[in-house]
Amino acid sequence: MSQHTDYDALSKITLGTTFPVLVARSGLPIDVLLPDVETGPSYAGARRAISRGGLRTLGDLAAQTWGDLRDLPYVGTGALAEIESLCGAAQRRDDVKPLDVEPEGADAYGPLTQSTSPNPIPEVIFDPISVLTHWGAAVAGATTWREVAAALDAQAIPPDVLEALENIGTASTGANPQSAGAILREWVDELGARDSDILRQRVITRSATLDDIGTRHDVTRERIRQLESHLKDRLGSLLDSEKAWHPVRWSVFDLKGRVGSCAPISSINDLDLCAIEDQLLLHLAGLTTKDFTNTVNRGGFVVPESDGLAAEPDGVIIDMTKLEAAAEDIGVLSEYLSHLLTLLPVREIEGSYVLWPKNMVQRSIAHLAARQEPMGSEELFASSGGTSHRAWRNRVLEAPEIHRISRNQFALRSWGLAEYSSVVSNMLQLIDVSPTGSLWLRDLTESLERDFQISPMTTQAYSVAPAFVVNDGLIWRRSSSEPYAVPSDISHARGVFRTGSQSASWLLPVDGELARGSGRPAPQELAHLLRFGPGESVSFEGNRGRVRLNWNERSHMGPTGSSLRPLMQALEATIGDHIRLDFDRLANRVTAERVIGTDETTPLHDLCAATGLSLEPATEARLAIADAIGSDRDSVVNTLRYRGDDMVADLLAALG
């Protein structure tokens, strides 16, 4: 038989039938079967079965059937296997026939290893362990296993001893102790309903309050607290000192060792987390599970601060050496380092782990640090997880850690790459470092394209900004002695009408840009009429709010107006309408009107509304408008159309 014996099939067979030695030595005390607990296995299950069955001699045991033993309280398969192992060892060591006369006492026979037959069988060394111990004693005087091991290292080993070593490596240990789970399940099953509730809902988990359990069992919360404390003390005492709980202690020790302070739940896949015995085993090991992070960790475990794990100089890439040291300090096993990373606010980028903050600018810094190369605006924005490209760009441009190295590429400032601030700034920088203070426009264009990926067309467009002078292919910075000539021919300025020596009206279509609140470029000719130039700005207070006109000398677009969206809303204008702004430079005032034409109004009325001019009498309207746009009477309609004022041209043509 073996540890897999089917005891149910043997339930009606006596142990004396299975092991004749029990009958032959029936008068001996049953203790001769059991080893010294101080020097060998405890056989706790077998001892429990013998005690609960009231068995005193080998004869008592021989009379028992396997079914009798199995039916004893709290005797399981493990205990039966231990009894089988003990009886089998006795049978092998004392293979004799039953005696005709029952002995009067145990002393008449001595231990089981001695034969009392007329012709006793001499003791023969046959098991591998005996071979090793006898050989060690013979060649080296070994009396301990340590000395036997030393002899094996120091001596030439004969063939039979080598065979014994090989047999030990492949032989069954014969050990079949009760499992930790079975011991814990047996202990839990012996608890009363109240203690079982306290164990499950207060000791292992905190799923109920003292009051909840007290109400359920009709006792005070203080009594439940006392019982809880008593249960914890009992568990601690059993784990520390109960000999039958050796397998539990070993399992707890193993569990602590293979989990460490923090590990993935897969590290305890051999446990059934729904079974009370495995829940109790986790509790005894001081471990808890967290499903939302797929983690099992020791009580009190705290994830290390990620900021202290970053490497210099960027301070965002995780230094794996620091992480390994931190993990070792807090008891995380090296094989679970990757799991620890899942608990940190980091992301893997280009093979590196980087701190991954919530701030989209810091995320952009992290991506750049991981890539270690410049990134385009669109790619960097997408990596940041932002929702508004404009908001992201504005914040990135304010970040001291990042700068632009071209119009659409960003880099970390710590890399020391040349900074791109704007097209004009880079143009001026190259011009200023030139020995002559000027450059050929062609050479400037090529340099900007090579160093900052600025297209030649962009450089050409910005070269007309008031900050520059371009002459015969050379470009240089404009000085105060070279004033910019503001264009004065208003015949090309769409929507602009001169209404006085320092006053003008500006007719604007309401479109999507204006409705979004974007600034509106203003014709340079309007600036001429209102007497301001590059590098200047002027504010006009009005009936619908303030309007500010500003002219940046580095802009190639001319002056720009502030957002007109508030005026549009105040006038209740919608896309497709027109707004007229009447500027008075002397008073710095502006009047805003919505231009409305209906079937009931005349072309002359609509012309006055569109231009801000007084056109009475109607016969002089053509001449007045021609004078207001710097044209002549005969070509005024064509001039209006040429500059894009088709609505005014149509109204004037309708007058005849």
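Residues numbered from 1 in each chain as written. Predicted model: local features only at pLDDT ≥ 70, side-chain atom pairs only at ≥ 80, totals over all residues. Heavy atoms only, no water.

Draft legend 1. The arrangement of the overall build of the chain in detail. Summing up its helical and strand segments, the chain has 30 helices and 19 strands in all. Radius of gyration (C-alpha) of the chain: 50 Å, far over the 26 Å computed for a compact globule of 656 residues. Taken along its principal axes, the extent of the C-alpha atoms in the chain is 155 × 70 × 40 Å. For the chain, buried positions account for 41% of its 656 residues. Pairs at least 24 apart in sequence give 59% of the contacts found in the chain among residues at least 6 apart. Accessible surface for the chain amounts to roughly 34,900 Å². Of this, 50% is attributable to carbon and sulfur atoms. (Helix = DSSP H or I, 4+ residues; strand = E, 2+ residues; numbered from the N terminus. Rg over C-alpha atoms; globule rule 2.2 N^0.38 Å. Buried < 20%, exposed > 50% of the residue type's maximum accessible area, 1.4 Å probe, protein only. Contact = heavy atoms within 4.5 Å. Areas by Shrake-Rupley, 256 points an atom, 1.4 Å probe, with all protein chains shown as cover.)

Draft legend 2. Fine view of the packing of helix H14 (residues 246–259) against helix H15 (residues 276–284). It is the contact of H14 with H15, at a shortest axis distance of 9 Å, that shows an interaxial angle of 65°. The angle between H14 and H15 falls in the class roughly perpendicular. Relative to H15, the crossing made by H14 is right-handed. Of the residues in H15, those touching H14 at Val-248, Ser-251, Val-252, Leu-255 and Lys-256 are Leu-281, Leu-282 and Leu-284. Of the residues assigned to the contact of H14 with H15, the class counts are six nonpolar, one polar and one charged. (Axes fitted to C-alpha atoms, helices over the stretch in contact; angles between N-to-C directions. Parallel < 35°, antiparallel > 145°, perpendicular 65-115°, else oblique. Left-handed = near helix turned anticlockwise from the far one by under 90°. Nonpolar A, V, L, I, M, F, W, Y, C, P; charged D, E, K, R; others polar.)

Draft legend 3. Representation of a nonpolar patch on the surface. Taken together, the side chains of Ile-129, Trp-145 and Ile-168 present a nonpolar region at the surface, about 300 Å² in accessible area. Looking at where Ile-168 falls in the secondary structure, it is placed in helix H9 (residues 159–170). According to the relative accessible area criterion, Ile-168 is partly exposed, its value standing at 34%. (Patch = residues over 30% accessible without salt bridge, like charges linked within 9 Å, V, L, I, M, F, W, Y side chains within 5 Å. Salt bridge = Lys/Arg side-chain N within 4 Å of Asp/Glu carboxyl O.)

Draft legend 4. Fine view of the environment of Ala-244. The topology assignment puts Ala-244 in the loop between helix H13 (221–241) and H14. Spatially, the C-alpha atom of Ala-244 lies 69 Å from that of Ala-391, the residues being 147 residues apart in sequence. Ignoring anything within four residues of it in the chain, the contact list for Ala-244 reads Ala-44 and Ile-183.

Draft legend 5. How the structure looks around the environment of Asn-471. Inspection of the secondary structure puts Asn-471 in strand E10 (residues 468–471). Judged by relative accessible area, Asn-471 falls into the partly exposed class, the value being 42%. Considered as a pair, Asn-471 and Leu-441 are 30 residues apart in the sequence and their alpha carbons are 9.5 Å apart.

Draft legend 6. Highlighting the pattern of salt bridges. Summed over the entire model, instances satisfying the criterion amount to 26 salt bridges. The closest approach of N and O atoms between Glu-228 and Arg-206, which form a salt bridge, is 3.2 Å. Of this pair, Glu-228 sits in helix H13 while Arg-206 sits in the loop between helix H11 (193–204) and helix H12 (210–217), and the two are 22 residues apart along the sequence. The closest approach of N and O atoms between Asp-650 and Arg-641, which form a salt bridge, is 2.8 Å.

Draft legend 7. Highlighting the pairing of strand E13 (residues 503–509). The element E13 is extensively covered by neighbouring structure, given that six of its seven residues are classed as buried. Bridge analysis of strand E12 (residues 496–500) against E13 gives four bridges, and the strand direction is antiparallel. By the bridge assignment for E13, Phe-497 is matched with Ser-505. A loop of two residues connects E12 with E13, the two strands running antiparallel in sequence. Taken together, the seven bridges between E13 and strand E18 (residues 578–584) define a ladder with antiparallel strand orientation. Bridge pairing in E18 places Leu-507 opposite Arg-580. (Pairing = 2+ DSSP bridges.)

Draft legend 8. View of the sheet that holds E10. Reading across from one edge, E9-E11-E10 is the order of the three strands in this open sheet, with antiparallel pairing throughout. Two strands lie at the open edges of the sheet, namely strand E9 (438–440) and E10, each paired on one side alone. Strand after strand, the sheet turns through a mean of 25° between neighbouring axes, direction not considered. By the bridge criterion, three bridges tie E9 to strand E11 (residues 474–477) in an arrangement that is antiparallel.

Draft legend 9. A look at the packing of helix H3 (residues 44–52) against helix H6 (residues 77–93). Across the interface, H3 lies against H6 with an axial gap of 7 Å and an inter-helix angle of 95°. Comparing their axes, H6 and H3 come out roughly perpendicular. Between H3, through Ala-44, Gly-45, Ala-46 and Ala-49, and H6, the contact on the second element is made entirely by Ala-79, Glu-82, Ile-83 and Leu-86.

Draft legend 10. Region of the structure containing the packing of aromatic side chains. If you walk through the whole model with that rule in mind, you get six aromatic pairs. Ring centres of Tyr-7 and Trp-66 lie 5.3 Å apart, and the angle between their planes is 40°; this geometry places the pair in the tilted category. Of the two residues, Tyr-7 is situated in the segment before helix H1 (15–18) and Trp-66 in helix H5 (residues 66–70); the sequence distance between them amounts to 59 residues. For Tyr-7, a relative accessible area of 5% corresponds to the buried category. Each ring, one from Trp-392 and one from Phe-410, has its centre 5.7 Å from the other, and the planes form 70°; the classification is edge-to-face. Highlighted residues: Trp-392 in helix H20 (residues 389–398) and Phe-410 in strand E8 (residues 409–412), separated in sequence by 18 residues. Here Trp-392 matches Phe-410 in class, with each residue buried. Members of the aromatic cluster, each reached through a chain of ring pairs, are Phe-381, Trp-392 and Phe-410. Cation over ring: Arg-643 sits above Phe-497, and NZ or CZ is 4.9 Å from the ring centre. (Phe/Tyr/Trp six-rings, centres within 6.5 Å; stacked < 30°, edge-to-face > 60°. Lys NZ or Arg CZ within 6 Å of the ring centre and 35° of its normal.)

Draft legend 11. A look at the nonpolar core. Ranked by size, the top nonpolar core spans 52 residues in total, and within it Trp-187, Leu-199, Trp-245, Val-248, Leu-255, Leu-280 and Leu-284 carry the most contacts. The element contributing the most residues to this core is H13, with six residues. Excluding residues that lie within four positions of it along the chain, Trp-245 makes contacts with Ile-183, Leu-184, Trp-187, Leu-235, Leu-238, Leu-239 and Leu-284. Counting residues in hydrophobic clusters, the runner-up holds 30 residues, among them Val-496, Trp-506, Trp-551 and Met-568. (Core = buried A, V, L, I, M, F, W, Y, C linked by side-chain atoms within 4.5 Å.)

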